[in-house]
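Per-entry structural report
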Amino acid sequence: MTNSQTLEIFKKTDALLEGHFLLTSGKHSNKYFQCAQVLQYPLYLNKICTVIVDHIKAAQIDTVISPAIGGICVGQEVARLLNKRFIFAEREDNKMTLRRGFNLSKGEKVLICEDVITTGGSVYEVINIIKNNEADLVGVASIVDRSNGKVKFDAPQFSVLTLDVVTYFPDDCPLCKENIPLVKPGSRKKK
Ligand code: ZN
């Protein structure tokens, strides 16, 4: 699947909206991205995760791990395609941890899968879990890197899509000056 085909899927499923948006930060933006919108559809999840698997298939992987919640279905699908074990980390008392009897062994080769990388916070915490268990981090794969390439993990890194989202302060917003109606994402009516 090419980059433009991936973009087409994101637009078709309303995961990627283009226009003039009010973000929770109060800033305005030309794009709005909600990954869960595309992940509703198993066929698209499969197509997108196949891009990840095609990219990493040469790597030796024992286990796929994801931070809850957004990364879970991505990691599960990548693990299914690779026929490898899948586990997830979740927050307990605000600290990312392995629960439910999940564990990692010394020397186990681990791939992290995430839906969207913004600041990389959850992924860094999962990297710590891997280190604390003396397992080996093989790489980090995500559907979207919206950090504009700024977040760098100390491991091979792959994103299906890199999004360049431009944000503006309200009093300095060119979209406002063009009188394009401002939309609050989520308030949009169903078609
Ligand atoms: Zn504006």
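Scroll up to find the structure this text is about.
To start, this report covers the structure provided alongside it. Because the structure is predicted, anything quoted here is derived from the model rather than measured.

**As for the packing of helix H3 (residues 42–56) against helix H4 (residues 72–82)**
Look at H3 against H4: their axes get within 9 Å of each other, and the N-to-C directions meet at 60 degrees. One element, H3, and the other, H4, form an angle in the oblique class. Of the two possible hands of crossing, H3 and H4 adopt the one that is right-handed. Between H3, through Leu45, Asn46, Cys49, Thr50, Ile52, Val53 and Ile56, and H4, the contact on the second element is made entirely by Cys73, Val74, Glu77, Val78, Arg80, Leu81 and Leu82. In terms of residue class, the contact of H3 with H4 is made up of 10 nonpolar, 2 polar and 2 charged.

**Overview of the coordination of the zinc ion**
Protein ligation of the zinc ion involves His20 (NE2), His28 (ND1), Cys173 (SG) and Cys176 (SG), the donor distances falling in the range 2.0 to 2.4 Å. The site at the zinc ion holds 4 donor atoms, and with the angles between them running 96 to 119 degrees, its shape is tetrahedral.

**A short note on the sheet that holds strand S7 (residues 136–145)**
The strand order across the open sheet built from 6 strands is S5-S4-S3-S6-S7-S8, with neighbouring strands paired in mixed fashion. Each edge of the open sheet is held by one strand with a lone partner, namely strand S5 (95–98) and strand S8 (157–162). Across the sheet, the mean angle separating the axes of adjacent strands is 25 degrees when strand polarity is ignored. Bridge count for S7 against S8 is 5 bridges, and the pairing is parallel. Directly across from Ser142, in S8, lies its bridge partner Ser159. Running over the sheet, helix H1 (residues 3–12) touches S7 and S8 and is turned about 60 degrees from S8. Along the sheet, helix H5 (residues 121–132) makes contact with strand S3 (63–67), strand S4 (85–92), S5, strand S6 (109–117) and S7, crossing S6 at roughly 170 degrees.

So, how was this worked out
Along each chain, residue indices are assigned from 1 in the same order as the chain's sequence is written. Per-residue local features are limited, in this predicted model, to residues with pLDDT of at least 70; the limit for side-chain atom pairs, both in listing and counting, is 80 or more; totals at the level of whole chains, interfaces and linings are taken over all residues. Hydrogen atoms and water are omitted, and side-chain values are computed over all heavy atoms in the structure. Under this scheme, a helix contributes an axis fitted over its contacting stretch, all axes are lines through C-alpha atoms, and angles between N-to-C directions fall in the 0 to 180 degree range. Numbering of helices and strands starts at the N terminus; helices are DSSP runs of H or I of at least 4 residues and strands are runs of E of at least 2. In these notes the angle categories are as follows: under 35 degrees is roughly parallel, over 145 is roughly antiparallel, 65 to 115 is roughly perpendicular, and the rest is oblique. By definition, turning the near helix anticlockwise from the far helix through less than a right angle yields a left-handed crossing, and turning it clockwise yields a right-handed one. Should any heavy atoms of two residues lie within 4.5 Å, those residues are considered in contact. Charged residues are taken to be Asp, Glu, Lys and Arg, nonpolar residues to be Ala, Val, Leu, Ile, Met, Phe, Trp, Tyr, Cys and Pro, and polar residues to be all remaining types, Gly included. Only nitrogen, oxygen and sulfur atoms within 2.8 Å of the metal, or 3.2 Å for Na, K and Ca, are treated as donors, and water is left out, so sites may look incomplete. The geometry test gives tetrahedral to four donors whose angles all lie between 85 and 135 degrees, gives square planar to four donors and octahedral to six donors whose opposite members are over 155 degrees apart with all other angles between 65 and 115, and gives irregular to the rest. Here, strands pair whenever DSSP counts at least two bridges between them.

Limitation: the analysis is restricted to geometry and does not speak to function.
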